[in-house]
Structure formats: C-alpha cells, structure tokens
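Structural overview for review
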Amino acid sequence: MSLFDIRRRDCLAREGVFSQGDLEVRTPGIIDMHQISPALDGEVWTNVPLAASAGFVSRYHRSGDGSPVVVHPLGKEPVTSGDLVVVANWHTTLARPPDFVRFLAALKGRLPPDTAWYAPGSALPTTAALLVYAGFDLFDYRAVDLETAKGSFCLPEGIFPGDLVESGVCTCEGCTSGNIGRHNRLALERELALIRRFVEESRLRDLVESRCRSDPHQVAIMRLLDGEESFMEPYTPVARPTPFIATTSESMRRIEVTRWGRRVAERSPPPIHEVAVLLPCSARKPYSTSLSHHKFTRVVSGRAHELIVTSPLGLVPRELERVYPAGHYDVPVTGHWDKEELGLISSVIAGYLGRHHYRRVLAHLEGGALEAARMAAEVCGISLEATPECHPTDPASLTALDAALEGERRRPTDMVRGVLAWQFGVLVETRGMIIRGRPPQERVEKGGRIFFTVDARTGLLRPTFDGWALLPEGYRIGIDAFTPRGDILAPGVVSADEGIREGDEVLVLGEGVSATGRAAMGGPEMLRSRHGVAVRVRKIKSD
Ligand SMILES: [Zn+2]
C-alpha cells in the first residue's frame, strides 16, 4: 500500500512525500526500484515502446502485479489514487517533442492526479526540471550513472567532458576526490533540491525557461505544451504568491498570458465610458503607483476608459491593474518589440476592441505600443486618434491629451465590477458599493455590509456569504453530508464546477452548511483525487 501526499502544486509539477511501508521519499526525488519492488525487474513486457501501436500494446504490454503499475499511453491499466506509476522508456521522448506532449496528455488525462510518477533512466541535471514541470515525481540514478560510464561530467547547464572534474567549476565531495560518478549523482540531487524549492515558491517555470536553453528539444517541448491549452490550462493557477517573470520569448506564450488575453476580451463587462484611451505601461506595478500614471490619470480625470498597452499581457484595463499577473509581472524594458511580440499584443488589443465599442479611441502611445495599437485598429476597422506630441509623459503630450478629452463626460473607474467579471465571468450590479480601508485590509461595502475583501497579494476579490449571494452561478463545490471543521479534503467533494482553478475563490455547499474558501486544486482534479486538500476554508456557516 503506497501513499502520495502532494503538499504543493505548480501547474503539473508537485512537491510532496511518497511513502510505501517504511519507505518515505520527498518528491521530486530519487528512488531505488529494486528496494520498492524487487520483482519488477523480472517482469516481462513491462517496457513496450511508447510509440507502439494499439494492437501491439493490447497484446503485449503488461502492467506488473499491483503497485507499482507500469503504464502505457495506450494502455488500460487499473490505477488508483496513491499508486506509484512507472512510465517506461520516457527518456526516449526527450528527443521527440511531439511524442512527449502527446503521450503526456494521454497519460495525465487518464490516470488519477494523486499518483506518483516515476520515469526510469530519464533524469539528468539538465532534464530534471523539465521532467518535474511535466508532472514526474520520482527518478533514479541510471541516466547519470550512464553518463559516468561514458566519462561525462553532468551539470544543469549541460554535459561536459570528464576533465571538468578538476577545473574548479564544482567543489562537491565527488570533485574534490576526483570521483566523477559521485559528482554526477550529487549534481542530480542538488538540482532536484533546487527544483523542490522552485515548486514550493510556485516558480518552476522560471527555472525551466533557463534550464532548457542548452537543448532545442526541451525548448520545443515547452513551446508545444504552452500550445496545448485545453490540456495545460486546468492545471494552471489563477494567481501565484510570487511575481510573474517574463524574460524570454517563451514567456509570451505562457498559459497565464493567453488566459489573460482571453478573459479580458471575453469576460470584460460593457464599458461605462464612451471614449477609450490607450496608455503605455510603467515599470512600477500596479501602474497607478508610478509617476507617469499619476500624470495620465490626473489628465484623463475619468473622461475616458484607461486601457494600458503592455507586453506580454497585451492590454490591461485600469480596473484590473492589481489582478495577477498584471499587478505582478516583471519584463526587460527596451522600448522595442519584435514582430512576434507585436503580433501577439495587437491580437489581444484587437480581441478586446472588436468586442467592446467606443465612440472614440485615443492612442496616447509611442514606439512598439503605438504600432501594436495601430495593427489592432486596422484589424477591427476602427480609427485611432493619436495624442502624443512627443514622449507620452511630456507636458506637450499631456496638454494634447487634455485637449482631446475636452467636453467628454467624467465617470469613475469601477474596480469591483471589472474584477468580478474577470474573476467569476459575471456582471454584478455594483451601484452604491464603496471600497474602504487600505491594503492589505481593503473591503467592499454597501449599506454597512461587507460583500468582498480584497486579496492584496493577488488583487482578486474574496466574497463573503453576502458577496456570494450576488454571484448567481459558477465556482461552487458540493460536498458530502458532513459538517466541515476545517479545510475540505478531495474525497469529500461530490461536485465541482469545471472552470474552478487553483487559487480561485469558491463557495462550498453541503447539507445545511456552507463555507467560503480558496481552491487548492482545479475543479476536475478535486473530483479525480482521493487525497489532499481541495479547498482552504475561510469561513463556515450553518444554514
Ligand atoms: Zn562536483
């Protein structure tokens, strides 16, 4: 009987503890399969090639007797929660990116999420980050030992000739004693420890984006996974506690970025203003805390809907500027956007302007942002009014903007309405609601009742029970007939909206009891798991 206790998730990656009998391994980590299942080595037909045909697989593939279960993308093995699953030959997919992605989607789609995944002979200091990113938890020393046999010296940055052992690039006990094999094993252990830390901090993607550089196959795998939105998006949290670092061209394609563009286009409520003004972003986040945005907001003065043009998110309406990742991203600023970047950003702007109509659209922009806005306007068939005389913050430019808005009606920015639409996909009547307090203690009130509090870390709104009464549908979780005393565990969940993602605010409904809280895993994963916290509960109420 084995158990996999997942403590933290970072998209497909997990950090936790796998246990079987007396054995307990921190994951991602190393196991010795001889110790766990001495019989597995003697089993035949447990390493059918991953690319084998369905006929071949059904005829020859064997899953072993019990746990661990050897799985195949085309297999029909009985796998239950907590099982250790073995994906034989996974190392062969590292050189075949389309297979890596296809087989992974097939296996992750079929097997319970709370199973521990072992990839034999696959982990090197160079490949471990990507393997964990893809949802593998357990590895062995076989791949590094093989490199040792070839006389190679393994580092996360690449595989080098063995003479590097004496060069001083590493000072581990293996290197100081001239033992390459010892160094190679330690290098893998060190990399796994680092990966665990990145998963704990919900930043594994940053590590993968740097580690994959030395191998075009790895870059291809990451790009292809980003393209598999229907597979990857349900695993991607809506918010993270750490900043969103976008420093590579792959960052532009991250699920968080595509999800942002889609939600801004599809979930944004009808604009309150008849005029829109496109503004440049600022290095400081949220934008309104920057000097330049102080100036813009003072000049616009409520006479236009402020829309910030930015890379990699494309477009950030002012009311969403604090929502993750808009309030938390960091990009290298050069003022230059390449063709790919321009194409992606203009498509987000076009997605928004194509759905939301304004009488006038002003472009208070320059450089790449202005070019992206022009491309978008052309797609939508609208004309832009360019207002800057020179740099957008220059007094002459600000005077031109002021003059262009002369006579336009003033309306306030409705942060609550905008965030609720982005977060829950519903349009809520917010008349009379006011935001009281200062971060991190802000709350949304009306008539002395609190409807929402603002999560200062993510910019999302946390509904109270009164707040949930305003949200007619979605983001609900049904539980079995029990009264929760704390967090809701996955086995207690009987229904969950499919759209729920890790980090979403949710309403838990049971018999005579309801609770508010935050989802600790996606809705589909709650229903398929038999272990782990599904909802971190904030308040419980008996009806
Ligand atoms: Zn060393």
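Residues numbered from 1 in each chain as written. Predicted model: local features only at pLDDT ≥ 70, side-chain atom pairs only at ≥ 80, totals over all residues. Heavy atoms only, no water.

1. Looking at the packing of helix α8 (residues 204-211) against helix α9 (residues 216-227)
- Close contact between α8 and α9 brings their axes to 9 Å; oriented N to C, the two are set at 140°. For the element pair α8 / α9, the angle class is oblique. Facing α8, whose interface residues are Arg205, Val208, Glu209 and Arg211, α9 presents Gln218, Met222 and Asp226.
- Here the contact of α8 with α9 is built from residues that sort into 2 nonpolar, 1 polar and 4 charged. (Axes fitted to C-alpha atoms, helices over the stretch in contact; angles between N-to-C directions. Helix = DSSP H or I, 4+ residues; strand = E, 2+ residues; numbered from the N terminus. Parallel < 35°, antiparallel > 145°, perpendicular 65-115°, else oblique. Contact = heavy atoms within 4.5 Å. Nonpolar A, V, L, I, M, F, W, Y, C, P; charged D, E, K, R; others polar.)

2. Some points on the packing of aromatic side chains
- Within this structure, the stated rule accounts for 11 aromatic pairs.
- Residues Trp90 and Phe100 carry aromatic rings whose centres are separated by 5.1 Å and whose planes lie at 65° to one another, so their mutual orientation is edge-to-face. Here Phe100 lies in helix α3 (residues 97-110) and Trp90 lies in the loop between β6 (84-87) and α3, a separation of 10 residues in the sequence.
- We classify Trp90 as buried; its relative accessible area is 0%.
- Lys285 extends its terminal NZ or CZ atom over the ring of Tyr329, reaching a point 4.2 Å from the ring centre.
- When the ring centre of Phe465 is taken as origin, the NZ or CZ atom of Lys541, which lies over that ring, is 4.6 Å away. (Phe/Tyr/Trp six-rings, centres within 6.5 Å; stacked < 30°, edge-to-face > 60°. Buried < 20%, exposed > 50% of the residue type's maximum accessible area, 1.4 Å probe, protein only. Lys NZ or Arg CZ within 6 Å of the ring centre and 35° of its normal.)

3. Examining the pairing of strand β12 (residues 275-280)
- By the criterion of burial, β12 is predominantly enclosed, with 6 of the 6 residues buried.
- The alternating pattern of β12 places Val275, Val277 and Leu279 and Ala276, Leu278 and Pro280 on opposite faces, both of which are buried.
- Two elements, β12 and strand β16 (residues 360-363), share 4 bridges in a ladder whose sense is parallel. Along β16, the bridge assignment pairs Leu278 with Ala363.
- Two strands pair when backbone bridges link them, and β12 and strand β13 (residues 305-310) are joined in this way by 5 bridges, in the parallel orientation. (Pairing = 2+ DSSP bridges.)

4. Let's talk about empty space enclosed by the protein
- Tallied over the entire structure, the rule returns 6 cavities of 30 Å³ or more.
- Approximately 150 Å³ is the volume found for the largest cavity.
- Together, 18 residues line the largest cavity, and Pro269, Ile272, His305, Glu319 and Arg417 are the ones closest to its centre.
- No other element matches helix α16 (residues 415-424), which puts 3 residues into the lining of the largest cavity.
- Considering only residue class, the lining of the largest cavity consists of 9 nonpolar, 5 polar and 4 charged.
- Its volume calculated, the second largest cavity comes out at about 100 Å³.
- What lines the second largest cavity is a set of 14 residues, and nearest its centre among them are Arg14, Lys108, Pro113, Tyr235 and Glu525. (1 Å grid on protein atoms, 1.4 Å probe; cavity = no way out; pocket = protein on both sides within 12 Å on 5 of 7 lines; lining within 4 Å. Points joined across faces, edges and corners; volume = space filled by probe spheres on them.)

5. Focus: the layout of surface pockets
- Its volume calculated, the largest pocket comes out at about 730 Å³.
- For the lining of the largest pocket, the elements supplying multiple residues, two or more each, are α12 (291-300), β13, α13 (339-353) and α14 (367-380).
- Broken down by element, the residue count for the lining of the largest pocket peaks at 3 residues, all from α14.
- Counted by class, the lining of the largest pocket contains 14 nonpolar, 15 polar and 4 charged residues.
- Each pocket or cavity is described by its volume, and for the second largest pocket that value is around 590 Å³.
- Along its surface, the second largest pocket is lined by 24 residues, and Arg8, Pro241, Glu502, Arg518 and Arg536 are the ones closest to its centre.
- Broken down by secondary-structure element, the contributors of at least two residues to the lining of the second largest pocket are β1 (2-10), α7 (180-200), β26 (513-519) and β27 (533-542).

6. Observations concerning the coordination of the zinc ion
- Distances from the zinc ion to its protein donors, Cys170 (SG), Cys172 (SG), Cys175 (SG) and His183 (ND1), fall at 2.1 to 2.3 Å.
- Its 4 donor atoms give the zinc ion angles of 97 to 116° at the centre, a pattern that matches the tetrahedral case.
- The sequence pattern formed by the donor residues of the zinc ion is C-x1-C-x2-C-x7-H.
- The exposure class assigned to Cys175 is buried, which follows from its relative accessible area of 7%.
- For His183, a relative accessible area of 1% corresponds to the buried category. (Donors = N, O, S within 2.8 Å, 3.2 Å for Na, K, Ca; no water. Tetrahedral: all angles 85-135°; square planar, octahedral: opposite > 155°, others 65-115°.)

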